[in-house]
Amino acid sequence: MKKVVVHSDQDKGIINPDLHSHFIEFLGSCIYDGIWVGEESEIPNYGGLRKDVVDAMKELEPPVIRWPGGCYADTYHWKKGIGSRKERPVTYNENFGTFERDMNQFGTHEFMELCRMTGAKPWLNVNMMSGSVEEMREWMEYCNRGEETELSLRREANGSREAFLVEYWGIGNEVWGGGGTMTAEGYAAEYRKYATAVPTFSKPGEFGKSYMKRIACGPDGNKPRERVRWTEDFFRALSEYRMPAIEGYDLHFYNWNLNPLEESEVEFGEKEWSQVIRGSLELEEVIREQYDLLQKCLAEIPQGEDFFAGKEKKVDLIVGEWGNWHGASFKSRPALYQQCTMRDAVTTALTLDIFHHNCDKVKMACVAQSINVLNSLILTDGSKCIRTPNYDVFHMYKVHRGARALVVTEDCGDDVYVFCSEKDGVINVNLVNAAYSGYREVHLDLQMETVCIQAFKLKGDEPTACNTFDNPDRVRAGETEFPVGSGNSYNISLPAASVSVFRFRIR
Ligand code: AHR
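Draft legend 1. Representation of the domain arrangement of the protein within the structure. We note that the domain assignment places domain 1 (16-133 + 162-187 + 211-302 + 312-401) and domain 2 (409-506) within the protein. Taken over C-alpha atoms, the centre of domain 1 sits 28 Å from the centre of domain 2. Carbon and sulfur atoms supply 68% of the area that domain 1 and domain 2 bury against each other, a total of about 2,800 Å² over both sides. It is Trp273, Met342 and Met396 that lose the most area in domain 1 upon contact with domain 2, and together they represent 23% of the buried surface on that side.

Draft legend 2. Layout of the site of the ligand. The local shell around the ligand holds 13 residues, among which Glu25, Cys71, Glu174, Tyr254 and Glu321 are the closest. A distance of 2.6 Å is found between an oxygen atom of the ligand and a side-chain nitrogen or oxygen belonging to Glu174. Between the ligand and Glu321 there is a distance of 2.8 Å, counted from an oxygen atom to a side-chain nitrogen or oxygen. For the ligand, whose free accessible area comes to 280 Å², the fraction covered by protein is 95%. When its residues are assigned to classes, the shell around the ligand shows seven nonpolar, three polar and three charged.

Draft legend 3. The arrangement of the packing of aromatic side chains in detail. Counting across every chain of the model gives 31 aromatic pairs. An angle of 25° between the planes, with centres 4.9 Å apart, marks the rings of Trp67 and Phe111 as stacked. Of this pair, Trp67 sits in strand E5 (residues 64-67) while Phe111 sits in helix H2 (residues 108-118), and the two are 44 residues apart along the sequence. Grouping residues by exposure puts Trp67 and Phe111 together as buried. When the ring of Phe201 is compared with that of Tyr211, the centres are 6.2 Å apart and the planes differ by 20°; the resulting orientation is stacked.

Each value, and the rule that gives it
Residues numbered from 1 in each chain as written. Predicted model: local features only at pLDDT ≥ 70, side-chain atom pairs only at ≥ 80, totals over all residues. Heavy atoms only, no water. Domains from an automatic or database assignment. Buried area = accessible area lost by both parts, 1.4 Å probe. Near = heavy atom within 4 Å. Polar contact = N/O pair within 3.5 Å; in protein donor to acceptor, adjacent residues only side chain to side chain. Areas by Shrake-Rupley, 256 points an atom, 1.4 Å probe, with all protein chains shown as cover. Nonpolar A, V, L, I, M, F, W, Y, C, P; charged D, E, K, R; others polar. Phe/Tyr/Trp six-rings, centres within 6.5 Å; stacked < 30°, edge-to-face > 60°. Helix = DSSP H or I, 4+ residues; strand = E, 2+ residues; numbered from the N terminus. Buried < 20%, exposed > 50% of the residue type's maximum accessible area, 1.4 Å probe, protein only.

Pasting the structure below:
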């Protein structure tokens, strides 16, 4: 029997809801067919946004949605995606083998409408590779300027009198790779201009105040040596002479399942199961390493000579893209389309719990991607739409948003993973049995009088279980039996390859 002791008097901080955020881009069928079908489609839609997908997203209440990329942001020109949809130019997308035309039907206004309907805050990523400082600045003016200017009037003419007030702006995407194959020093030099050109949108009398958040491109989390060098070199270069403003630092981490390259996402045994589970856990070390490096780099920045010499002491660490990337998806049509089994649901739970455990270090994280690409929460095919088991994990884990991340002592070993939070007098306990087979028994000591009020379990009939268009609810989270025990002491039996959430009200 494994033992878990929950210390509800000790916490690691508050879980920022933004850790449950999303990422979408025109890649494969994420946008077209996935989110956007157009007003004239026979598929039910809200002004072109497909109803089933929007309704599913609404239930999840995504805190932030990042768009237009990803790699697509690196060549995306926002002006091609505004104005009458009938007159928008046609461009072409080669990214990751998408090989499709972009009719630019889903642009800034359509994205903002998706955010409005789902209650998400938008994160726009600017094109630093084939775009310009001016193009970025104009996009910001178009979105956020309340006063009447040429661009804000154009926004009004295109349907929105209200400014969008976009807070999060990514300055470049993966600039070490598809975003320009830059060096850290080269990027820092470019970043300086972009960051400095960002308008404040302050009002008279608000000098020095701004809601605008510049998110710089962080390292490739999958390259252990390069990622250390990148962070050190970038901040060293950025802090020479006067340092530009920087509010966020966006690290990307994919759990690559490429051994062998054509590794299937649906056909696997215990060895491949364990490989993927282990891979997902590496992110914790990456976050801790990058957080420590960030603090060290910030502490080493020399103090400027006067009041105006900027010195940023706080930069939020963000994981702007994360998820399982199975090799077989390179040959998928639509591009990077993956099925999601219980293996993906378990790693989704483990990853969200890594963010929860490290909520003092990482402030925002976006799953890659919400629909039809990689670690999807939703899959579509023509008029059909299903929710993957990953969707259920996000849904079950909503209870942790804004909660205190509690300290836990445990001897669970390699198979059982635990995370606990407390909010409004309720202790929420996640228990993941990451073993391929076999039950695991856990004794839970809550150290105070409680009563169990809810219990949910997500489990398939086998580890490879997934939802398909023919069998859309084969794997679905549901209420499960309450643990045996009462007060402060409970025994729980966890089936293999399962994710559970138990909720206890403090008496
Ligand atoms: O999410 C798929 C791709 O992965 C993104 O476009 C890119 O940023 C990353 O390499």
